[in-house]
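Understanding the architecture of this molecule
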Amino acid sequence: MATTEQREPVRASLDKQPHEVASMFDGVAKRYDLTNTVISGGQDRYWRWATRRALGLRPGERVLDLAAGTGVSTVELGKSGAWCVAADFSQGMLSAGRFRQVPMVAGDAMALPFADDSFDAVTISFGLRNVADIDVALREMLRVTKPGGRVVVCEFSTPVFGPFRTIYMEYLMKALPRVARAVSSNPDAYVYLAESIRAWPNQRRLARRIADAGWDSVQWRDLTGGVVALHRGYKLS
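Residues numbered from 1 in each chain as written. Predicted model: local features only at pLDDT ≥ 70, side-chain atom pairs only at ≥ 80, totals over all residues. Heavy atoms only, no water.

The condition is simple: UniProt positions are given in the numbering used here, feature names are shortened, and annotations may be inferred rather than shown by experiment.
The protein chain has the name Demethylmenaquinone methyltransferase in an unreviewed UniProt entry, where Nocardia mangyaensis is given as its organism. Listed under Pathway (unreviewed entry) in UniProt, the entry text for the protein chain is "Quinol/quinone metabolism; menaquinone biosynthesis; menaquinol from 1,4-dihydroxy-2-naphthoate: step 2/2." Checking UniProt for the protein chain, the heading Sequence similarities (unreviewed entry) contains the comment "Belongs to the class I-like SAM-binding methyltransferase superfamily. MenG/UbiE family."

Set out below in structure tokens:
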């Protein structure tokens, strides 16, 4: 297998072919965590903390951290005392995070390599937007969750205040790629990031998709003025 350094820079298209998306993330793995902190102004740490709080994890519970990348989000979840496993379909991302020594599994969100009713909770942070068929992924997350369990989706969303929304969209399309060029190992991937955020459904429409996949009592909470939203739902049966 080629190493991360040997790969040509890849930018996925918005049809999100799995091999393109995986290859793109392989290409940014080396400096992924640093780039995320820079382009979010340090808010990524707060978003990870808020995700853990939204899950309401208890010691001894089993949690799947899907699209976990290098496992930095899994380490945050582990502070709860729950047993957490990181899953991602980018081998490069998992390799870059091996030093964190959390359980890691290569897996596709649309065909999870876990048995039915395996986890008390499932979460996916900034990864659902990169899946070719989000409805299939949401149903797969439901399948591997125990009855009574919950899901939390942490994802970029739509700022709720109009003037801020305009400024944010300008930042996405103009400033973000420039910042990524300074710190990322594959700045073209962050052009895809900006485009995929603009094309993503707003909070209400995503809540409807999650409910349509079979999750109950779906609600959301805005973070950072709606730049990010946490959606939570439950598996009642």
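Alright, that's what it looks like, and here's the rest.
1. Description of the UniProt feature "binding site: S-adenosyl-L-methionine" (unreviewed entry) in the protein chain
For the record, the criterion: Working definition: helices are DSSP H or I runs of at least four residues, strands are E runs of at least two. Numbering for both runs from the N terminus. Pairs of N or O atoms within 3.5 Å make up the polar contacts considered here, provided that, within protein, one atom can donate a hydrogen while the other can accept it, and that residues adjacent in sequence are counted only when both atoms are side-chain atoms. Each residue is placed in one exposure class: buried if its accessible area under a 1.4 Å probe, protein chains only, is under 20% of its type's maximum, exposed if it is over 50%, and partly exposed if it falls in between.
In this structure's numbering, the residues bearing the UniProt feature "binding site: S-adenosyl-L-methionine" (unreviewed entry) are Thr70, Asp88, Asp108, Ala109 and Ser125. Turning to its location among the elements, Thr70 is positioned in the loop between strand E1 (62-66) and helix H4 (72-78). Here the side chain of Thr70 touches Asp33 through a polar contact of 2.8 Å, side chain to side chain. For Asp108, the location among the structural elements is in the loop between strand E3 (104-106) and strand E4 (119-125). Under the relative-accessibility criterion, Asp108 is labelled partly exposed at 25%.

2. Digging into the confidence of the model for the protein chain
For clarity, the threshold we go by: The predictor's confidence in any single residue is recorded as pLDDT, a number from 0 to 100. Should any heavy atoms of two residues lie within 4.5 Å, those residues are considered in contact.
For the protein chain, the mean per-residue pLDDT works out to 88, and 90% of the residues sit at or above 70. Here residues 1-9 is modelled with pLDDT under 50, and outside its nearest four sequence neighbours on either side it reaches ten contacts, counting other chains as well.

3. Remarks on the packing of helix H6 (residues 134-144) against helix H9 (residues 203-212)
The condition is simple: Simply put, an axis is a line fit to the C-alpha atoms, just over the touching stretch for a helix, and the angle between two N-to-C directions goes from 0 to 180 degrees. By definition in this entry, angles of less than 35 degrees are roughly parallel, angles greater than 145 are roughly antiparallel, angles of 65 to 115 are roughly perpendicular, and the rest are oblique. Definitions for this section: a left-handed crossing has its near helix turned counterclockwise from the far helix by less than a right angle. A right-handed crossing has that turn clockwise. Ten residues, namely Ala, Val, Leu, Ile, Met, Phe, Trp, Tyr, Cys and Pro, are considered nonpolar, four, namely Asp, Glu, Lys and Arg, are considered charged, and the remaining ones, Gly among them, are considered polar.
Running from N to C, H6 and H9 point in directions that differ by 55°, and their axes come no closer than 9 Å. Compared by their axis directions, H6 and H9 come out oblique. As for how H6 packs across H9, the hand of that crossing is right-handed. Taken together, the residues of H9 that come into contact with H6 (itself represented by Ile134, Asp135 and Leu138) are Leu206, Arg209 and Ile210. Residue composition of the contact of H6 with H9, by class: four nonpolar, no polar and two charged.

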